Every structure is written in structure tokens, then in C-alpha cells.
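Remarks on the overall topology
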Amino acid sequence: MTELLAVALITVLAVIAPGADFAMIVRNSYLYGRRTGLLAATGVAAGVLVHVTYTMLGVGLLIASSTFLFTVIKLIGAAYLIYIGVRTFRTKGEVEVDLTGRTGLTPLAALRAGFLTNVLNPKTTLFVVSTFSQVVSPGTPVQEQVGYGLFMSMAHLLWFGVVAVFFSHDRMRTLMLRGQKVLNKVIGSVLAGLGVSLALAPSH
């Protein structure tokens, strides 16, 4: 029970902390609508399972103990954040409020955006590895470890699903679309800033 509470607390705090995944879900939801936002949220949740899988296989412990391996992962994730940040910042095209046509992201693109944002996010890597290191021991049954991982994934899906629903609401979406250019620059700057800070941060 103590382990479950620890996983729950750490997970909730990590999920609601603003980051690249939050900025991506907000932008995709208000630009392209609820369905795209929810698909991106599903991609984020799937990305969590990748971190859980390699952590359960022991790769996570290797990353945690190897400065070189963690640095490589951190730089790859940072480069991706900087890339999507710069791309968002430079976006100039106007997007109509009514996006019932073919404009916007395809379902696969929305899933991929959420998945890659999470998989290449060093914050999620540290979160999963740290959590498992604290509550999982060599004697912890595999089914319990799987349960912890599924809980982490579902927590991400629930939170970002709520974010997607909120920011895709017609009134909220209309207001945000009116300030699209400014929002693109703000969100792009935040994403790029996160990438730069992660790249410069010490590995341990």
C-alpha cells in the first residue's frame, strides 16, 4: 500500500508539472480540435509505456548509472524540443476556427506528435526511472511492476485528455485562435527554452 501511494503521489506531481507535453497538447487541441488533442494525449500515454518497458528490462538502471548514455538521451530529447519549439515559433499561417475540412493533423500525425514528445522527453525518462528505483526491488512481482507502469500511462492519458477537452472547447478555442500568432511564439519559446535548459543541465 505504501509503495502504491508513493507511485501515485510521484506520478500525479510529475504529470501535472508543465512541460513540453503540456504545451504540445494545448497547441494541438486549440488549433486542430478535440479529436486531435485526445489522439495526441493517447500518444503521450503510449510514450510512457516505452519508458516503463525499458526500465523494467533494466536499461533504465543503466541509463541512471551511466553519464554518457544519459547525456546522449538528454541531448536527443533536447534537440527535438528545440526543433519543434523553433518550428512553432516561426509558424505564420492563419488557421480558421472551423476546421471541419482536411486542414490540420492526420490521426497518425497527432498520435506521433504525442508519442515522440514523450519518448524523447528526458523529464519522463527521469520520472519513470526514479519512480521504479524507489518502489521496485528485485523481488517485486512482474505483475506489480506492470501495474505501476499502466497506472503511470493512464494518469498521463487522463490528465492530458482533460487538457485537450478544455482547450478544444469552442469558446476557449476561438479566443486562443485570435491570438494564435502570439501564442505560437510563446509556446515555441517555452519549448525551445526547455530544450536549451535540458541540454545545458548537468547529467546528475
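About the thresholds
- Residues numbered from 1 in each chain as written.
- Predicted model: local features only at pLDDT ≥ 70, side-chain atom pairs only at ≥ 80, totals over all residues.
- Heavy atoms only, no water.
- Helix = DSSP H or I, 4+ residues; strand = E, 2+ residues; numbered from the N terminus.
- Buried < 20%, exposed > 50% of the residue type's maximum accessible area, 1.4 Å probe, protein only.
- Contact = heavy atoms within 4.5 Å.
- Areas by Shrake-Rupley, 256 points an atom, 1.4 Å probe, with all protein chains shown as cover.
- Core = buried A, V, L, I, M, F, W, Y, C linked by side-chain atoms within 4.5 Å.
- pLDDT = per-residue confidence, 0-100.
- Expected span 1.5 Å × (residues − 1).
- Arc of directions from axis to C-beta.
- Phe/Tyr/Trp six-rings, centres within 6.5 Å; stacked < 30°, edge-to-face > 60°.
- Lys NZ or Arg CZ within 6 Å of the ring centre and 35° of its normal.

A look at the overall build of the protein chain
For the protein chain, the count of helices and strands is 10 helices and zero strands. Put simply, the protein chain runs from its N terminus to its C terminus through helices and strands in the order α-α-α-α-α-α-α-α-α-α. Put simply, the protein chain has 204 residues, and 42% of those count as buried. Summarising the internal contacts of the protein chain: among those between residues at least 6 apart in sequence, 88% fall at separations of at least 24. When the accessible area of the protein chain is evaluated, it comes to approximately 10700 Å², of which 71% is carbon and sulfur surface.

Quick word on the nonpolar core
In a soluble, globular protein the nonpolar side chains are often hidden away together inside. M24, I25, F160 and L191 are the most contacted members of the largest nonpolar core, which has 22 residues in total. Of all the secondary structure elements, the ones that give two or more residues to this core are α2 (20–32), α3 (34–56), α5 (67–89), α8 (142–167) and α10 (180–200). Sort the elements by how many residues they give to this core and α2 lands first, with seven residues. Residues in contact with M24, not counting those within four places in the same chain, are A40, V44, A113, G114 and T117.

Describing the confidence of the model for the protein chain
In this model, the protein chain carries an average pLDDT of 79, and 78% of its residues clear a pLDDT of 70 or more. Averaged pLDDT values over the elements of the protein chain bottom out at 66 in helix α4 (residues 59–65) and peak at 94 in helix α6 (residues 107–119).

As for α6
Its 13 residues place the ends of α6 18 Å apart at the C-alpha level, agreeing with the 18 Å of an ideal helix rising 1.5 Å per residue. Along α6, the positions that sit buried rather than exposed are A109, A110, A113, G114, T117 and N118. One side of α6 holds all its buried residues, which, seen down the axis, span an arc of 160°.

Considering the environment of L111
Its place among the elements puts L111 in helix α6. Here L111 falls in the partly exposed class, since its relative accessible area comes to 30%. Sequence spacing of L111 and A46 is 65 residues, and the spatial spacing of their C-alpha atoms is 9.0 Å. Apart from the residues within four sequence positions on either side, L111 is in contact with L39, T42 and G43.

Comments concerning the packing of aromatic side chains
Under the counting rule described, the total for this entry stands at two aromatic pairs. Aromatic side chains F22 and F167 sit 6.5 Å apart centroid to centroid with 90° between the ring planes, which places their arrangement in the edge-to-face category. Of this pair, F22 sits in helix α2 while F167 sits in helix α8, and the two are 145 residues apart along the sequence. For F22, a relative accessible area of 26% puts it in the partly exposed group. The rings of F22, F166 and F167 are connected pair by pair, giving a single aromatic cluster. Of note, K185 hangs over the ring of F89, and the distance from its end group to the ring centre comes to 4.3 Å.

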